[in-house]
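# Chains, contacts and geometry: an overview
Now for the letters of each chain:
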Amino acid sequence: MLKGTKLYSILYQKCPRCHEGELFDERNPYKLKKIFDMPERCEKCNQLYQLEPSFFYGAMYVNYGLTVAIAVAVFVAMIVLGSGWELHHYLIGIILGIFILAPLTFRLGRAIWINFFIKYDPDALKKPGNKKGA
Ligand SMILES: [Zn+2]
């Protein structure tokens, strides 16, 4: 249903160009040994993922924004759900939330970042020359 939107590519961790190929080697972000492993190119449309050296350093800024959003969300949730908590309780809750969700935010950060630069192309799989080289 979302296919063709950037949201689809981000949420399902798919190639931003064809929305078919996988963005990461391992789909489960909590398999931490493989969390950084990405194919060099999309297996379906041959889109290069690392557009330039150190391309994904920029994803750290996205990741930072997501982490701040999680911290705020945990803080607000704790205020709504509980009462009489002290400052250190909030800090522990926020740190736990950030740590538990870190693999997800890492992956989402990269997926959002690459979607800034690569547009969806519904004909990506039909175009000649996309299968190898380029
Ligand atoms: Zn692709």
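In the block above lies the structure referred to throughout.
To keep things clear, this report deals only with the structure shown in the data block. (Residues numbered from 1 in each chain as written. Predicted model: local features only at pLDDT ≥ 70, side-chain atom pairs only at ≥ 80, totals over all residues.)

Looking now at helix H3 (residues 87-117). Its maximal kink placed at Ala102, H3 deviates by approximately 60°, while the proline Pro103 follows within four residues. Within H3, the full set of buried residues consists of Thr105, Phe106, Arg107, Gly109, Arg110, Ala111, Ile112, Trp113, Ile114 and Asn115. (Bend = angle between axes of the 7 residues up to and from the residue. Helix = DSSP H or I, 4+ residues; strand = E, 2+ residues; numbered from the N terminus. Buried ≥ 20, exposed ≤ 12 C-beta atoms within 10 Å, placed from the backbone.)

Turning next to the nonpolar core. The tendency in soluble globular proteins is for nonpolar side chains to be buried side by side. By size, the foremost hydrophobic cluster in this structure holds 16 residues, and its most contacted members are Cys15, Cys18, Cys45, Val62, Ala111, Ile112 and Trp113. For this core, the leading source of residues is H3, giving 4 residues. If near-sequence neighbours (up to four positions away) are discounted, Cys18 is found in contact with Cys42, Lys44, Cys45, Gln47, Asp121, Ala124 and Leu125. (Core = buried A, V, L, I, M, F, W, Y, C linked by C-beta atoms within 7 Å. Contact = placed C-beta atoms within 7 Å.)

Below, the discussion takes up the packing of helix H2 (residues 59-81) against H3. Here H2 crosses H3 at 145°, and the two axes come no closer than 8 Å. As for how H2 packs across H3, the hand of that crossing is right-handed. Of the residues contributing to the contact of H2 with H3, the split by class is 16 nonpolar, 6 polar and 1 charged. (Axes fitted to C-alpha atoms, helices over the stretch in contact; angles between N-to-C directions. Left-handed = near helix turned anticlockwise from the far one by under 90°. Nonpolar A, V, L, I, M, F, W, Y, C, P; charged D, E, K, R; others polar.)

By themselves these figures say nothing about function.
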